[in-house]
Amino acid sequence: YQWETVKLYEEIIFERSGKIAKITINRPEVHNAFTPLTVQEMIDAVTICRDDAGIGLVILTGAGDKAFCSGGDQKVRGHGGYVGRDGIARLNVLDLQRLIRILPKPVVAMVKGWSIGGGNILQLVCDITIAADNARFGQTGPKVGSFDAGYGSGYLARVIGHKRAKEVWFMCRQYTAEEAYAMGWVNTVVPLAEVEEVTLAWCERILMMSPTALRFIKASMNADTDGLAGLQQLGGDCTMLYYTTDEGKEGKNAFLEKRDPNFDDFPKFP
Ligand code: 2NE
């Protein structure tokens, strides 16, 4: 794979090889903990992936072999959130979680080493997780004075079950990749040396599939968990498809031509 830089950032690396985009959190000295800037850069990169029709899939990972992400950078945690250069306290990682959920393309987490706190929620909201055998998963919130009562709790309970999710948060233990696999927290566990190769093989297989089919499957599964916001996403996808039909276009054309629309000839499937 020839990886080309798509755009230069300070705290992430954003590369691309063909249809595969790769976003790497690049703060290995703090186990890839994120600051408001890291998150802002990730939001920008994911938005580029969303708009670029040539990108079919996004890999999310962390720099080095020691960590995927260790959550919010506690050194910049202030009064009410994580404080960036503008002095404003934010929890903008929640916006990034939503963006990953609504991205109409598969997002694959490639997890090496620590996947902890808000970092672990990032891999959770990805569509697929490939874990290296040195990966360690866990939440620390109640120990460090934090919690994620959104996807980090409710969606985690859907993925690994309520009893397990409560254990994860109540005990703040760390789980091996094999334990995470047994809970359905990750899709597969592979030797660290093979994790990139296996991730790319999964990506290539996913990319063989119909992108519209994958888009609707993702939106549909998310609608089940995201309530009206999820239905809005799924409904918007339906509108997008409808706009590509002659029937949809007839309504617009009739309006512009100042005539009544004629929908008689369009098929009414059973
Ligand atoms: C990840 C873990 C268990 C690794 O332990 P270990 O012993 O392998 O590494 P060490 O020495 O703790 O970490 C290496 C360096 O990375 C920094 C450390 O402070 C250390 O730096 P130095 O002391 O050598 O200078 N580092 C690691 N994680 C950091 C972090 N999150 N912020 C700032 N610096 C960090 C161990 O490092 C650990 O437990 N880390 C903290 C995990 C954590 O509590 N994360 C925040 C959870 S809250 C959250 O993410 C969140 C939320 O709950 C809701 C909304 C938004 C965010």
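Residues numbered from 1 in each chain as written. Predicted model: local features only at pLDDT ≥ 70, side-chain atom pairs only at ≥ 80, totals over all residues. Heavy atoms only, no water.

What follows covers the site of the ligand. Neighbouring residues of the ligand: 23 residues in total, closest Ser 70, Gly 72, Gly 118, Thr 140 and Ser 146. The contact in question runs from an oxygen atom of the ligand to an N or O atom on the side chain of His 31, over 3.0 Å. The backbone of Gly 118 places a nitrogen or oxygen atom 2.8 Å from an oxygen atom of the ligand. The fraction of the free accessible surface of the ligand (1,000 Å²) that becomes covered by protein chains is 65%. When grouped by side-chain class, the residues that make up the shell around the ligand number 10 nonpolar, 10 polar and 3 charged. (Near = heavy atom within 4 Å. Polar contact = N/O pair within 3.5 Å; in protein donor to acceptor, adjacent residues only side chain to side chain. Areas by Shrake-Rupley, 256 points an atom, 1.4 Å probe, with all protein chains shown as cover. Nonpolar A, V, L, I, M, F, W, Y, C, P; charged D, E, K, R; others polar.)

With the rule as written, the count across this model stands at 7 aromatic pairs. With a centroid separation of 6.0 Å and 20° between ring planes, the pair formed by Tyr 1 and Trp 3 is classed as stacked. Looking at Trp 3, the relative accessible area reads 22%, which means it is partly exposed. Consider the rings of Tyr 9 and Phe 14, whose centres lie 6.4 Å apart with planes at 40°: the pair is tilted. Grouping aromatic residues by their ring pairs yields a cluster made of Phe 137, Tyr 175 and Trp 185. A cation over a ring is seen here: Lys 22 above Trp 3, with NZ or CZ 4.4 Å from the ring centre. Here Arg 101 stacks its cationic end above the ring of Tyr 155, 4.5 Å away from the centre of that ring. (Phe/Tyr/Trp six-rings, centres within 6.5 Å; stacked < 30°, edge-to-face > 60°. Buried < 20%, exposed > 50% of the residue type's maximum accessible area, 1.4 Å probe, protein only. Lys NZ or Arg CZ within 6 Å of the ring centre and 35° of its normal.)

Moving on to the sheet that holds strand β10 (residues 114–116). Taken in spatial order, the 4 strands of this open sheet run β5-β10-β12-β13, and their pairing is mixed. At either margin of the open sheet sits one strand with a lone partner, and together these are β5 (67–69) and β13 (175–176). For strand β12 (residues 136–138) and β13, the ladder comprises 2 bridges, and the chain directions are antiparallel. Looking across to β13, one finds that Arg 136 is bridged to Thr 176. Across the sheet, helix α3 (residues 118–125) touches β5, β10 and β12, and the angle it forms with β10 is around 95°. (Pairing = 2+ DSSP bridges. Helix = DSSP H or I, 4+ residues; strand = E, 2+ residues; numbered from the N terminus. Contact = heavy atoms within 4.5 Å. Axes fitted to C-alpha atoms, helices over the stretch in contact; angles between N-to-C directions.)

So, on to the domain arrangement of the protein chain. As far as domains go, the protein chain holds domain 1 (4–207) and domain 2 (211–256). Interface area for domain 1 against domain 2, summed over the two sides, is near 940 Å², with a carbon-plus-sulfur share of 43%. When the buried surface of domain 1 facing domain 2 is broken down by residue, Arg 101, Pro 104 and Arg 158 rank first, second and third, together holding 54% of it. Where domain 1 touches domain 2, the interface holds 4 salt bridges. (Domains from an automatic or database assignment. Buried area = accessible area lost by both parts, 1.4 Å probe. Salt bridge = Lys/Arg side-chain N within 4 Å of Asp/Glu carboxyl O.)

The next point concerns unusual backbone geometry. Positive phi, close to 55°, is recorded for His 31, a residue that is not glycine. Structurally, His 31 is set in the loop between β3 (20–25) and α1 (36–51). By relative accessible area, His 31 is classed as partly exposed at 31%. For Asn 32, which is not a glycine, the phi torsion comes out positive at approximately 60°. By the element assignment, Asn 32 lies in the loop between β3 and α1. Classification of Asn 32 by relative accessible area gives buried; the value is 0%.

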